[in-house]
Amino acid sequence: MAPQQQQVEEDEHVYTLDEALTALGFGKFQYLVLGYAGLGSMVDAVEVMILSFIGPAVKSQWGLSSTQETLITTVVFAGMLIGAYFWGILADNYGRRQAYFPFLVITEKVYVGVSLFQIGKSLLIVAIVTTVSAFLSSFSPNYISLLILRMLVGTGLGGGPVYGSWFLEFVPSRNRGMWMVIYSTFWTIGTILEALLAMIIMPRLGWRWLLALSSIPSFAALLLYIFTVESPRYLCAEGRISDAHDILRKIAVVNQTKLPPGMLVSDQVTQLDEEEELLRPRANKIFNFKTGLSSSLMLLSPQLLRITLLMWVVYFGNSFAYYGIILLTSQFSAGESQCFSVALHVKNDTSLYTDAFITSLAELPGLLISAVVVEKVGRKYSMALMYIMGSLFLFPLVVPQNEALTTALLFGARIWFIGTFTLAGVYCPEIYPTSVRSTGCGVASAVGRIAGMVSPIVAVQLVRGCHQMAAIILFEVVVILSAISVLLFPVETKGRELVDHVSL
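Residues numbered from 1 in each chain as written. Predicted model: local features only at pLDDT ≥ 70, side-chain atom pairs only at ≥ 80, totals over all residues. Heavy atoms only, no water.

Some points on the packing of aromatic side chains
Step number 1: Within the structure shown, the criterion is met by 19 aromatic pairs.
Step number 2: Both rings, one in Y322 and one in F421, keep their centres 5.2 Å apart while their planes meet at 50°; by these two values the pair is tilted. Of the two residues, Y322 is situated in helix 16 (residues 305–334) and F421 in helix 20 (residues 403–431); the sequence distance between them amounts to 99 residues.
Step number 3: According to the relative accessible area criterion, Y322 is buried, its value standing at 1%.
Step number 4: We classify F421 as partly exposed; its relative accessible area is 22%.
Step number 5: Through a chain of ring-to-ring contacts, the aromatic side chains of F26, Y31, F167, W179 and Y183 assemble into a single cluster.
Step number 6: The ring of Y381 carries the charged tip of K380 above its face, separated from the ring centre by 5.9 Å. (Phe/Tyr/Trp six-rings, centres within 6.5 Å; stacked < 30°, edge-to-face > 60°. Helix = DSSP H or I, 4+ residues; strand = E, 2+ residues; numbered from the N terminus. Buried < 20%, exposed > 50% of the residue type's maximum accessible area, 1.4 Å probe, protein only. Lys NZ or Arg CZ within 6 Å of the ring centre and 35° of its normal.)

What about the layout of surface pockets?
Step number 1: Approximately 240 Å³ is the volume found for the second largest pocket.
Step number 2: Together, F29, L32, V33, G35, Y36, L39, W166, L224, F227, T228, V229 and K250 line the second largest pocket.
Step number 3: A per-element tally of the lining of the second largest pocket places helix 3 (residues 28–49) first, with 6 residues.
Step number 4: Classifying every residue of the lining of the second largest pocket by side-chain character gives 9 nonpolar, 2 polar and 1 charged. (1 Å grid on protein atoms, 1.4 Å probe; cavity = no way out; pocket = protein on both sides within 12 Å on 5 of 7 lines; lining within 4 Å. Points joined across faces, edges and corners; volume = space filled by probe spheres on them. Nonpolar A, V, L, I, M, F, W, Y, C, P; charged D, E, K, R; others polar.)

Concerning the confidence of the model for the protein chain
Step number 1: Of all residues in the protein chain, 76% have pLDDT values of 70 or greater, and the mean over the chain is 75.
Step number 2: Confidence scores differ between elements of the protein chain, with strand 3 (residues 112–121) showing the lowest mean pLDDT of 33 and helix 19 (residues 379–394) the highest of 91.
Step number 3: Contacts for the low-pLDDT stretch residues 268–292, under 50 throughout, to residues beyond four places or in other chains number 51 contacts.
Step number 4: This model gives residues 341–348 a pLDDT under 50, and the stretch forms 12 contacts once residues within four places in sequence are excluded. (pLDDT = per-residue confidence, 0-100. Contact = heavy atoms within 4.5 Å.)

Comments concerning the pattern of salt bridges
Step number 1: A complete count under the given rule lists 6 salt bridges for this structure.
Step number 2: Salt-bridge contacts for R150 lead to E47; the nearest nitrogen and oxygen are separated by 2.7 Å. Within this pair, whereas R150 is found in helix 7 (residues 143–157), its partner E47 is found in helix 3, the two being separated by 103 residues in sequence.
Step number 3: Note on R150: relative accessible area 0%, which makes it buried.
Step number 4: The closest approach of N and O atoms between D246 and R249, which form a salt bridge, is 2.8 Å. Linking D246 with R249, this pair stays in helix 13 (residues 241–255), spanning 3 residues, or about one helical turn.
Step number 5: In this structure D246 comes out as partly exposed when scored by relative accessible area, which is 29%. (Salt bridge = Lys/Arg side-chain N within 4 Å of Asp/Glu carboxyl O.)

Quick notes on the nonpolar core
Step number 1: Among the nonpolar cores identified, the biggest contains 122 residues, and F167, L248, M311 and Y432 are the most heavily contacted of them.
Step number 2: If you tally residues by element for this core, the top one is helix 20, at 13 residues.
Step number 3: Residue assignment places this core across two domains, with domain 1 (13–101 + 114–265) and domain 2 (297–336 + 347–503) each supplying three or more.
Step number 4: Leaving out residues up to four positions away in the same chain, F167 has contacts with F26, Q30, V33, L34, A37, W179, M180 and Y183. (Core = buried A, V, L, I, M, F, W, Y, C linked by side-chain atoms within 4.5 Å. Domains from an automatic or database assignment.)

Some remarks on the environment of R249
Step number 1: According to the relative accessible area criterion, R249 is partly exposed, its value standing at 46%.
Step number 2: Along the chain, R249 and A20 lie 229 residues apart, while their C-alpha atoms are 9.9 Å from each other.
Step number 3: At 2.8 Å, the side chain of R249 forms a polar contact with the side chain of D246. (Polar contact = N/O pair within 3.5 Å; in protein donor to acceptor, adjacent residues only side chain to side chain.)

Okay, here's the thing in structure tokens:
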């Protein structure tokens, strides 16, 4: 009777997903998830960082204009804009791992919809698109083919937020911010390795070899995909409690820990009306374009409107400042401007790669500072402080400076802007509920990609057109607006449990 009575008592107990993750702890399983998600982040960093190297090289080899050089960067961010929106909706509707490929179908009623043919998983498709396009771009025979392939690379890179959302949903709430900062470290590792690779490869083998070798992390992500599992939080949000429990049992085995006694239940009793239910289609439903649109419109619901609009400003500012610093480094190092005296810009052929490598190292102290303040000061005030510090380092560049001071100022600015970039990546998935988390982060990332498309015009065209002061002032205005937006966020997410659904 004693074992039976114990079983009955256990059945009467229930526990939530957050309680389960807390009991399981951050162990070997989460380290493996971190490794794969971090690899995906490295892929993003490598393919973005490479833009500052191949642009000047291709321009010189093919005799391109400054506008054509700028377009090489712009099309990548245009692809990321499309990809960020598409992958986010796909991940929220069909899982972080599960995906369905859309095919247009015309029914007897001449209704154009999308039938779902299962061909793989969202993370898998992201890896395939990025890997194939990145590798093939190294064989581009002409300018047009290079633009097309780099835009496809950008489309794959748009799935980057899915990696972050996927990792976040395996992490216990305690010290979650610190672990998200550690996840962001993989981005920095990617930028440093790419700058180091460019220093070695570009002077000897050229930009084609750099593109080919830079696709290695993408191939690794593709090969390691088979070891990934679906997010248990997403499964719980979809009502697939049994599937979520199976994943949690696997985590317990790998971590050599135990689940709490009793039965797994959803984190909160949800009150979903028919409208929200339609926004979350199951695998056996017909998906049409209205579904994706409705998922995006949920971000503009009264409960999320303020958060969404402010998040868009922050992501725009982060991308504008961060990618602007990278491109400014290449422009100030290129020594091509006729606007300044030779004394200010005496450069050699390898200075671009050296300066890029040095400024990339700035991200390490930036991440260290982020890891310290994220759990002590919180997300909001930490970001606001970092925006202010970054703007102070950037401001002296309104007038031309000597090489050493320019590199030092860009180094300092990058310390703080990688901090704002990182903490926004922590705050965004925390503030959005599970049902729209990837969509919210994906759309915010897409807005950031718009900034990535605009940033080359400011950092490349204005600087080369002898308008350095105007360029820096524009950067300062965007940074200040971003700092104000951060302070207007309604809640601080430090120590706050993740929410699964929007209360409509």
